[in-house]
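Coordinates in review
Letter by letter, the chains look like this.
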Amino acid sequence: MNPRTPIAIKQEIRRLERRLKRLRLRLKISDRNEVIALYDGDLDERIAVEADGLGGARVVRAEGNYPVDYSTRDERFFRNGDTASRAAHCLSEGDITSLSIFDPRKTYPCEQ
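Notes on the structure in this doc start here. (Residues numbered from 1 in each chain as written. Predicted model: local features only at pLDDT ≥ 70, side-chain atom pairs only at ≥ 80, totals over all residues. Heavy atoms only, no water.)

1. Quick look at the packing of aromatic side chains
Working definition: an aromatic ring pair is given by the centre-to-centre distance plus the angle between the planes. The full count for this structure, using the stated rule, is 3 aromatic pairs. Look at Phe-78 and Phe-102: their rings are 6.0 Å apart centre to centre, the planes differ by 80°, and that puts the pair in the edge-to-face class. With a gap of 24 residues between them, Phe-78 in strand S4 (residues 69-78) and Phe-102 in the segment after helix H2 (81-93) connect regions that are remote in the sequence. Relative accessible area serves as the criterion here: at 5%, Phe-78 is assigned to the buried category. For Phe-102, a relative accessible area of 3% gives the class buried. (Phe/Tyr/Trp six-rings, centres within 6.5 Å; stacked < 30°, edge-to-face > 60°. Helix = DSSP H or I, 4+ residues; strand = E, 2+ residues; numbered from the N terminus. Buried < 20%, exposed > 50% of the residue type's maximum accessible area, 1.4 Å probe, protein only.)

2. Quick word on the pairing of strand S2 (residues 45-51)
Where a strand is regular, its side chains alternate between the two sheet faces. Counting buried positions along S2 gives 6 out of 7 residues, so the element sits mostly inside the fold. Bridge analysis of strand S1 (residues 35-40) against S2 gives 5 bridges, and the strand direction is antiparallel. The residue of S2 that forms the bridge with Val-35 is Glu-50. Where S1 hands over to S2, the hairpin turn is made up of 4 residues, of which Asp-44 adopts a positive phi near 60°. Sheet analysis places S2 next to strand S3 (residues 57-65), joined by 7 bridges and oriented antiparallel. For Glu-45, the partnering residue across the bridge sits in S3 and is Glu-63. In sequence, S2 turns back onto S3 through a hairpin of 5 residues, with Gly-53 there showing a positive phi of about 85°. (Pairing = 2+ DSSP bridges.)

3. Some thoughts on the nonpolar core
Within the largest apolar cluster, 16 residues are counted, with the highest numbers of intra-cluster contacts made by Val-49, Val-59 and Phe-102. Elements supplying a minimum of two residues to this core: S2, S3 and H2. When residues in this core are grouped by element, the largest group, 5 residues, is from H2. Non-local contacts of Val-49, meaning those with residues more than four positions away in its chain, are made with Glu-34, Val-35, Ile-36, Ala-37, Ala-57, Arg-58, Val-59, Ala-84, Ser-85 and Ala-88. (Core = buried A, V, L, I, M, F, W, Y, C linked by side-chain atoms within 4.5 Å. Contact = heavy atoms within 4.5 Å.)

4. Focus: the side chain of Arg-24
You can see Arg-24 is positioned in helix H1 (residues 6-27). By relative accessible area, which is 11% here, Arg-24 ends up buried. From its side chain, Arg-24 meets the backbone oxygen of Gly-53 in a polar contact 2.9 Å long. Look past the residues within four positions of Arg-24 in its chain and what remains in contact with it is Ile-29, Ser-30, Asp-31, Arg-32 and Gly-53. (Polar contact = N/O pair within 3.5 Å; in protein donor to acceptor, adjacent residues only side chain to side chain.)

5. Details of the environment of Asp-44
Note on placement: Asp-44 falls in the loop between S1 and S2. On a C-alpha basis, the gap between Asp-44 and Tyr-66 in space is 9.4 Å, while along the polypeptide they are 22 residues apart. If sequence neighbours within four positions are ignored, Asp-44 has contacts with Ala-62, Glu-63 and Gly-64.

6. Here we look at the side chain of Thr-83
Topologically, Thr-83 is positioned in helix H2. If sequence neighbours within four positions are ignored, Thr-83 has contacts with Phe-78, Phe-102 and Pro-104.

Below you can see the structure in the form of structure tokens.
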């Protein structure tokens, strides 16, 4: 193991974080845990799209005070953030009743 001082390690972390930020900007990828879309669902329900920092996203159908105090009613991970946003939008518009039945190859009425 290479003995390094805590200061050197922190500097390396900062350098890597700056590089990661540049790469994400170039690839148009959102930061990890960034909410990239937020929709109102039924009464006391929010539908959020949370980026994973690698180009994918998780859609969360939350009941309660999202993001502070909520319970998850439904969730699904998508490899592509745009697909996740489509699913969230269709769920909020009532075109699908559950994230599990969303088919990314299909065009839904809310998208026309």
